[in-house]
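A structural walkthrough
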Amino acid sequence: MTVVVRSFAKINLGLYIGDRQQDGFHNLVTVYQTIALHDVIRVSVVRGKGIEIRCEDSRVPKDESNTCARIAQKVMAVAKSKGRVKIEIEKLLPVQGGMGGASSNAVATMLALERSLKKPLPAEEKLNIAAEVGSDLPLFLLGGTVLGVGRGEQVYPLQDLPAVACVVVKPEVGVSTPKAFAAWDRQRKASTIHREGAGRSAKLTDAPPFDRMSELGFALSTWLSESYSGAPLRRGRRGNPLLELVRAGIKNDFEEVVFPEYPEVSEAKDALVRSGAKYASLSGSGSTVYGLFTAKEEARKAAGRLSSMGWAAQATATVTRREYWKKFLVSSF
Ligand code: C5P
């Protein structure tokens, strides 16, 4: 049986990086949000053995290093199934874009494969497999607006809010996530030494990691307590509740290390703000930046304007959890 699924992208609505742990991973707090841009994944199991990846995009690895191949191997082992897994990736999302393309592709592959094998795996098993392959895979097992903690792999669904129009801009550069984390560590170390060196008179512009991480938690709690207090969610003049959240002052820590190294990424964010975005930010470690807009039409116009200025811009919208699952399966035959 061939199973065809949509593999949606995500953006990060705020991302606070905490301490580096002994295993090399960093604690973080982030809000993931799925968006309508997606790849299409086709999975089938035929006679034989091994895993075959097909993708017309030459930047996508076709060997066992591909996240889809890694997850397929694990699923076949856990399901104790035999056969040759054929995975076709129709790539529309940017590679190394900070939109979780490779992670989403892997989760889509796992879900399509269990369907193709007609062997549903327990939820716990799927979550474990996803987290083993990468920190930002588990979010795609929930979809919609998702709180991510731990190294990003511990996920909690947040309220499913109406879709918000957005524009994503992908500057030509690719940012490596491990390198961005390493740059963050170097910067923190340098600022700590500077603070200690300056003694008591130091201006504490850099809050310690855990204070900063709790800032996002606090903004989120305020927002949730408001929306769960029984008062109607604020819409109309003040816009969508998701816009209320991002306006609470949340930010993506990766901007501090990615913007100085890649000025064009910072310029893309400025261009989004100038085009009328109500909130703009780097997604993950980039290089994608996104802007949220109050209306679809505004997003469409802004994307047109940005494209004519030479930016690779696309108008899209956030995808609620309900829509995510409604649109996930394309066909199965
Ligand atoms: O989990 P994932 O494979 O996406 O992580 C890629 C790399 O990013 C890790 O090897 C690690 O260097 C870094 N990382 C991190 N802290 C996280 C997530 C990722 O340091 N929370």
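Everything discussed here concerns the structure shown above.
The structure reproduced in this document is the subject of the present report. Because the structure is predicted, anything quoted here is derived from the model rather than measured.

With that settled, consider the overall build of the protein chain. Looking only at helices and strands, one finds 10 helices and 11 strands in the protein chain. For 333 residues, the compact-globule estimate of 2.2 N^0.38 gives 20 Å, and the protein chain sits close to it at 20 Å. In terms of its C-alpha atoms, the protein chain occupies a principal-axis envelope of roughly 70 × 45 × 45 Å. In the protein chain, once contacts between residues fewer than 6 apart in sequence are set aside, the share between residues at least 24 apart is 75%.

Another point: helix α2 (residues 101-117). Over its 17 residues, α2 runs 24 Å from end to end, which matches the ideal 24 Å to within 8%, given 1.5 Å per residue. Of all 17 residues that make up α2, 15 are buried, and the element is covered over most of its length. Downstream of α2 by one or two residues, K118 has phi in the positive range, about 55°.

Glancing now at the sheet that holds strand β8 (residues 279-282). The strand order across the open sheet formed by 4 strands is β8-β9-β7-β10, and the pairing between neighbours is antiparallel. This sheet does not close on itself; its edge strands, each paired only once, are β8 and β10 (313-317). Each neighbouring strand pair of the sheet contributes to a mean axis angle of 20°, computed without reference to strand direction. Note: strand β7 (residues 165-169) against β10, 5 bridges, orientation antiparallel. Note on β10: the bridge partner recorded for C166 is T316. Strands β7, β8 and β9 (289-293) of the sheet are contacted by helix α8 (residues 263-274), whose axis makes an angle of about 10° with β9. Here helix α9 (residues 296-308) sits on the sheet in contact with β7, β9 and β10, set at roughly 15° to β7.

This brings us to the nonpolar core. Ranked by internal contacts, the top residues of the largest apolar core, which has 40 residues, are I87, I89 and L113. When residues of this core are traced back to their parent elements, those giving at least two are β1 (3-20), β2 (26-46), β3 (51-55), α1 (67-78), β4 (84-90), α2, α3 (123-133) and α10 (321-328). Residues within four places of I87 in sequence aside, it is in contact with I41, R42, V43, I51, E52, I53, R54, C68, A69, A72 and T109. By size, the runner-up hydrophobic cluster in this structure holds 32 residues, among which are L15, A271, L272 and W311.

With that settled, the discussion passes to the packing of aromatic side chains. A full pass over the atoms with the stated rule returns 6 aromatic pairs. Ring plane angle 40° and centroid distance 5.4 Å describe the contact between F8 and Y324, whose orientation is recorded as tilted. With a gap of 316 residues between them, F8 in strand β1 and Y324 in helix α10 connect regions that are remote in the sequence. On the accessibility criterion, Y324 (2% relative accessible area) is buried. Ring centres of Y324 and W325 lie 4.8 Å apart, and the angle between their planes is 85°; this geometry places the pair in the edge-to-face category. For W325, a relative accessible area of 35% gives the class partly exposed. Ring pairing ties together the aromatic residues F8, Y324, W325 and F328, which thus form one cluster. Positioned over the ring face of F25 is R151, at 4.8 Å from the centre of the ring.

A surface patch of negative charge is lined by E172, E264, E267 and D270. Relative to the assigned elements, E264 resides in helix α8.

Neighbouring the ligand are G24, F25, H26, L28, G134, S135, R151, T177, P178 and F181. Within the side chain of H26, a nitrogen or oxygen atom sits 2.7 Å from an oxygen atom of the ligand. Here a nitrogen atom of the ligand sits 2.9 Å away from a polar atom, N or O, in the main chain of R151. Contact with the protein chains hides 73% of the accessible area of the ligand, taken as 450 Å² for the molecule alone. Of all elements in the fold, only β2 and α4 (177-198) reach the threshold of two or more residues within the shell around the ligand. The element that contributes the greatest number of residues to the shell around the ligand is α4, accounting for 3 residues.

S287 follows G286 through a cis peptide bond whose omega is 10°. Relative to the helices and strands, S287 is located in the loop between β8 and β9. Of note in the backbone geometry, K80 takes a positive phi value of approximately 50° without being a glycine. The residue K80 is located in the loop between α1 and β4 in this model.

Rules behind the numbers
Each chain carries its own residue numbering, running from 1 in the written order of its sequence. This being a predicted model, a pLDDT of at least 70 is required before a residue's local features are given, and a value of 80 or more before pairs of side-chain atoms are given or counted; all residues contribute to the totals for chains, interfaces and linings. Calculation of side-chain values draws on the structure's entire complement of heavy atoms; hydrogens and water are dropped beforehand. Helix and strand labels come from DSSP, where a helix needs a run of H or I of at least four residues and a strand needs a run of E of at least two; each type is numbered from the N terminus. Each radius of gyration is computed over the set of C-alpha atoms, and the globule rule expresses the reference value as 2.2 Å times the number of residues to the power 0.38. We call two residues in contact whenever any of their non-hydrogen atoms come within 4.5 Å of each other. One less than the residue count of a helix, multiplied by 1.5 Å, gives the span that helix is expected to have. Here the term buried applies to any residue with accessible area under 20% of the maximum for its type, exposed to any over 50%, and partly exposed to those in between, with areas from a 1.4 Å probe on protein chains only. Two strands qualify as a pair provided DSSP detects at least 2 bridges between them. Here, axes are lines fitted to C-alpha atoms. For helices the fit covers the stretch in contact, and angles between N-to-C directions go from 0 to 180 degrees. The definition of a nonpolar core used throughout is a set of buried Ala, Val, Leu, Ile, Met, Phe, Trp, Tyr and Cys residues joined through side-chain atoms within 4.5 Å. Here a Phe, Tyr or Trp ring, Trp counted by its six-membered ring, pairs with any other such ring whose centre lies within 6.5 Å, and the pair is stacked when the planes are under 30 degrees apart, edge-to-face when over 60, and tilted otherwise. Counting as a charge over the ring demands two things of the Lys NZ or Arg CZ atom: a distance within 6 Å of the ring centre and an angle within 35 degrees of the ring normal. Exposure above 30% relative accessible area and the lack of any salt bridge qualify a residue for a patch; like charges then connect within 9 Å, and the nonpolar side chains Val, Leu, Ile, Met, Phe, Trp and Tyr within 5 Å. Areas reported as accessible are Shrake-Rupley estimates using a 1.4 Å probe. Residue values count occlusion only from the protein chains shown. A pairing counts as a salt bridge when a side-chain nitrogen of Lys or Arg comes within 4 Å of a carboxyl oxygen of Asp or Glu. Positive charge is attributed to Lys and Arg, negative charge to Asp and Glu, and no charge count is given to His or to the chain ends. Note that the charge is assigned to NZ on lysines, CZ on arginines, CG on aspartates and CD on glutamates. Whether a residue is near a molecule or strand depends on its heavy atoms: it is near if one of them lies within 4 Å of it. We call two N or O atoms a polar contact when they sit within 3.5 Å, provided that within protein one can donate a hydrogen and the other can accept it, with sequence-adjacent residues counted only if both atoms are side-chain atoms.

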